[in-house]
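Topology and contacts: notes
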Amino acid sequence: MNDDVPRMRPTTDDTDVLIMGGGLAGLTLALQLRQAHPALRIRVLERRTHPVPLAAHKVGESTVELAAHYFAHVLGLRGHLESAQIRKFGFRFFFSEGLHDLSRCTELGASRALPTVSWQIDRGLFENHLGEQVRQRGIDFIDGARVSGLRLAGEDGELQAHEVQWLHEGRSHTCRARWLVDACGRAGLLKPRLGLAQPNEHPCHAVWFRVKHRIAFDDWCADAAWRNRCTPPERWRSTNHLVGAGYWVWLIPLSSGSHSVGIVADPRLHPLEGMNTYDKALQWLQVHQPRLHAELEPLRHTLQDFAYFKRFSYGCKQVYSAARWALTGEAGLFLDPFYSPGSDFIAISNTFVADLIARDLAGAPLAGHAAMYDQIFHSFYDNTMALYLDQYALFGNAEVLPVKVLWDYSYYWGVLCPLFIHGRLTDLRMLSTLRDELALAQRLNQAVQPLLRAWGALGAPADPGGLLDQAALPWFHELNARLEPDPAPTDGEFRTLMRTNVALLVELALEIAQRATERAAQRGAGLENAAAALHAALNTPTAQSLRTQRGAAATASRLFAPPLEADLRPQTGP
């Protein structure tokens, strides 16, 4: 619904939509609304003054395919991303615990760029650009504003619109709005007021900092063969993960010349108290990732910021309401940074909010769609949380984590990305048509994760070293290539695409189950309970039907033919 002229009932509102928070979530929502509704009155209140500092204070710099599509295509910002940000060379993982020489450890990643583009984003640079864009498009963006009070419509039986007070340049202001959106980040305003906070069982913590220095990651190894495994030999553009049991370290380059570094860990294995200052973080790195420590130790004078969160992950009971309020970004919920899902969930949430506002403009009822979008959004949250919950212990396992990463990518590229990229997220009729396939994919994911965890608990063989080249898997490359938005599929083509993708997940799950049980048998252990749960999901009528649809050529024993170890074989030369 893209009506240019609002058809709301006449009110005395000062604005149609008031967005509290002008960071990434709030500014992108404002742009999305303006593109759909040129006449809509939109006001954004932001506590910080603009321009904001570059390369400091904000995390969420690594984008993945869904968010990259949102920024580049939905919001039309590809020109800025290509000219002012860094094109990303995918995710890359090094099993480098305790090592100085990266050529001695296993590396997981692609030897060449996969087709679908994403970027590393300097958040300060990006948010300053967003601020300029919203002002150029006639959005009332007030920076340096602090919300001092609010009342929700109907809260006291009198207000017909939401009412917000804020302070700006020493003066108090009041605004009434038909729609109120909280995009204030973790501080949030609506969540505590409405009692929506919801803890989860993911206890991990994170510390992070930026240094005014480009970490020359490709120079860490003098071996020319190691450098030339990648084309081009520019690993520094990747989101590099240095992994070990119970933790991972991120390295993200920023276009302003800085580098973002973070340590994310399970406190049961790596307590926060051992890394919650810069000195402690460097001491921790000296033990666990000594090559990074050697790079950072002489650069203390380049430190730009340092921060930490003790328990960064949390949920939220409700994020959309037919009473015309919503939460987006970290004002609602937050998962885990391992696969960089933060901007993805902003894109998804903003799309649901924008659709609800469009329905309201058209005079359509909101209750059913608000409830359904809330249910779908929480389903995405719950299923994505399964990727992280109690999984950190296997992160140092060079046998199991590569398989997990393949599965997690395949689920993301095969289910969530197509729904968003092809504009089907709010197409409830299409979602209903695919109900069985989507339910199967979710059930498979919920069963695969415990199996991987049990497999990881068996221990790992000696690290063989070399590159596990994801680009060497034709089906994996093709799955990524199918994320391109053009040409847009018809309804029938989209249903076929989704069923094909879920059928691939069925075959992949079968292969994982087979290999996990084989490894367990070789070590005199059993994975019966975890494997049984997965086989129960695989023996449903929908799964059997999809296997038949793929045909005899796609069997569990052939999906990774040659076998997984040979397909993702160590590459020791260029």
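Let us look at the structure shown here. (Residues numbered from 1 in each chain as written. Predicted model: local features only at pLDDT ≥ 70, side-chain atom pairs only at ≥ 80, totals over all residues. Heavy atoms only, no water.)

1. Topic: the overall build of the protein
Along the protein, the regular secondary structure elements total 18 helices and 21 strands. Here the C-alpha radius of gyration of the protein, 24 Å, is about what a compact globule of 574 residues would show, namely 25 Å. A principal-axis box enclosing the C-alpha atoms of the protein has dimensions of 70 × 60 × 40 Å. Of all 574 residues assigned to the protein, the portion counted as buried reaches 59%. Looking at the protein alone, contacts between residues at least 24 apart form 78% of all its contacts between residues at least 6 apart. A total accessible area of about 21400 Å² is found for the protein, and carbon and sulfur atoms account for 52% of it. (Helix = DSSP H or I, 4+ residues; strand = E, 2+ residues; numbered from the N terminus. Rg over C-alpha atoms; globule rule 2.2 N^0.38 Å. Buried < 20%, exposed > 50% of the residue type's maximum accessible area, 1.4 Å probe, protein only. Contact = heavy atoms within 4.5 Å. Areas by Shrake-Rupley, 256 points an atom, 1.4 Å probe, with all protein chains shown as cover.)

2. Describing the pairing of strand 4 (residues 91-94)
Walk down a regular strand and you will see the side chains alternate between the two sheet faces. Alternating residues of strand 4 divide into F91 and F93 and R92 and F94, and every residue in both groups is buried. Bridge analysis of strand 4 against strand 5 (residues 106-109) gives two bridges, and the strand direction is antiparallel. Across the sheet, F94 pairs through a bridge with E107, a residue of strand 5. (Pairing = 2+ DSSP bridges.)

3. Let's talk about helix 2 (residues 65-74)
In terms of residue burial, helix 2 counts as a mostly covered element, since eight of its 10 residues are buried. Looking only at helix 2, the buried set comprises E65, L66, A67, A68, H69, Y70, F71 and A72. One or two positions beyond helix 2, positive phi appears at G76, with a value near 70°.

4. Description of the packing of helix 11 (residues 401-421) against helix 15 (residues 491-522)
A pair of packed helices is characterised by two quantities: the angle between their axes and the separation of those axes. One way to put it is that helix 11 packs onto helix 15 with a least axis distance of 10 Å and a crossing angle of 165°. As the angle between them shows, helix 11 and helix 15 are arranged roughly antiparallel. Crossing hand, helix 11 versus helix 15: left-handed. Listed contacts from helix 15 to V403, L406, W407, S410, Y411, W413, G414, V415, P418 and L419 of helix 11 are F494, L497, M498, N501, L505, L508, A509 and I512. Its residues placed into classes, the contact of helix 11 with helix 15 shows 15 nonpolar, three polar and no charged. (Axes fitted to C-alpha atoms, helices over the stretch in contact; angles between N-to-C directions. Parallel < 35°, antiparallel > 145°, perpendicular 65-115°, else oblique. Left-handed = near helix turned anticlockwise from the far one by under 90°. Nonpolar A, V, L, I, M, F, W, Y, C, P; charged D, E, K, R; others polar.)

5. A look at unusual backbone geometry
Going from H50 to P51, the amide bond is cis rather than trans, its omega being 0°. Inspection of the secondary structure puts P51 in the loop between strand 2 (42-46) and helix 2. Between D486 and P487 the backbone carries a cis peptide bond, its omega angle lying at -5°. Tracing the chain through its elements places P487 in the loop between helix 14 (474-481) and helix 15. Located in the positive-phi region is E169, a residue other than glycine, with phi close to 50°. Structurally, E169 is set in the loop between strand 9 (162-168) and strand 10 (171-182). Since its relative accessible area comes to 70%, E169 is described here as exposed. With a phi close to 55°, S340 is a non-glycine residue in the positive phi region. Locating S340 in the fold gives a position in the loop between strand 19 (325-327) and helix 9 (342-361).

6. Focus: the packing of helix 10 (residues 367-385) against helix 13 (residues 435-456)
The interhelical angle for the contact between helix 10 and helix 13, taken along N-to-C directions, is 30°, at an axis separation of 9 Å. Considering the angle they form, helix 10 stands roughly parallel to helix 13. In the crossing of helix 10 with helix 13, the sense of the turn from one axis to the other is left-handed. Judged by residue contacts, S379, D382 and N383 of helix 10 engage Q442, N445 and Q446 from helix 13. Taken together, the residues of the contact of helix 10 with helix 13 sort by class into no nonpolar, five polar and one charged.

7. Looking at the pattern of salt bridges
Counted by the stated rule, this structure contains 37 salt bridges. A salt bridge links R229 to E107; the shortest N-O distance between them is 3.7 Å. In this pair, R229 sits in the loop between helix 6 (224-227) and strand 13 (239-244) while E107 sits in strand 5, placing the two residues 122 residues apart along the sequence. The exposure classification of R229 matches that of E107, with both residues buried. Here E399 ties to R519 by a salt bridge, and the two come within 3.2 Å at their closest N and O atoms. One end of the pair, E399, is in the loop between helix 10 and helix 11; the other, R519, is in helix 15, with 120 residues separating them in the sequence. Each of the two residues, E399 as well as R519, counts as buried. Here the salt bridges share partners, and the residues they tie into one network are E46, R48, K58, R123 and E127. (Salt bridge = Lys/Arg side-chain N within 4 Å of Asp/Glu carboxyl O.)

8. Some remarks on the packing of aromatic side chains
All told, the structure shown has 30 aromatic pairs when counted by the stated rule. Judged by centre distance (6.3 Å) and plane angle (70°), the rings of Y278 and F306 are edge-to-face. Residue Y278 is found in helix 7 (residues 278-288), and its partner F306 is found in strand 16 (residues 303-309); the two are separated by 28 residues along the sequence. Looking at Y278, the relative accessible area reads 9%, which means it is buried. Taking the relative accessible area as the measure of exposure, F306 reaches 25% and is therefore partly exposed. Where F338 meets Y339, the ring centres are 4.7 Å apart and the plane angle is 65°; that geometry is what we call edge-to-face. An identical accessibility class is assigned to F338 and Y339; each is buried. It is R92 that lies over the ring of F89; its NZ or CZ is 4.7 Å from the centre. (Phe/Tyr/Trp six-rings, centres within 6.5 Å; stacked < 30°, edge-to-face > 60°. Lys NZ or Arg CZ within 6 Å of the ring centre and 35° of its normal.)

9. Re the environment of A537
Within the element layout of this structure, A537 appears in helix 16 (residues 528-538). Given a relative accessible area of 0%, A537 falls into the buried group. It is 21 Å that separates the C-alpha atoms of A537 and I376, two residues lying 161 residues apart in sequence. If we ignore the near neighbours within four places in the chain, the residues touching A537 are L440, R443, L444 and A543.

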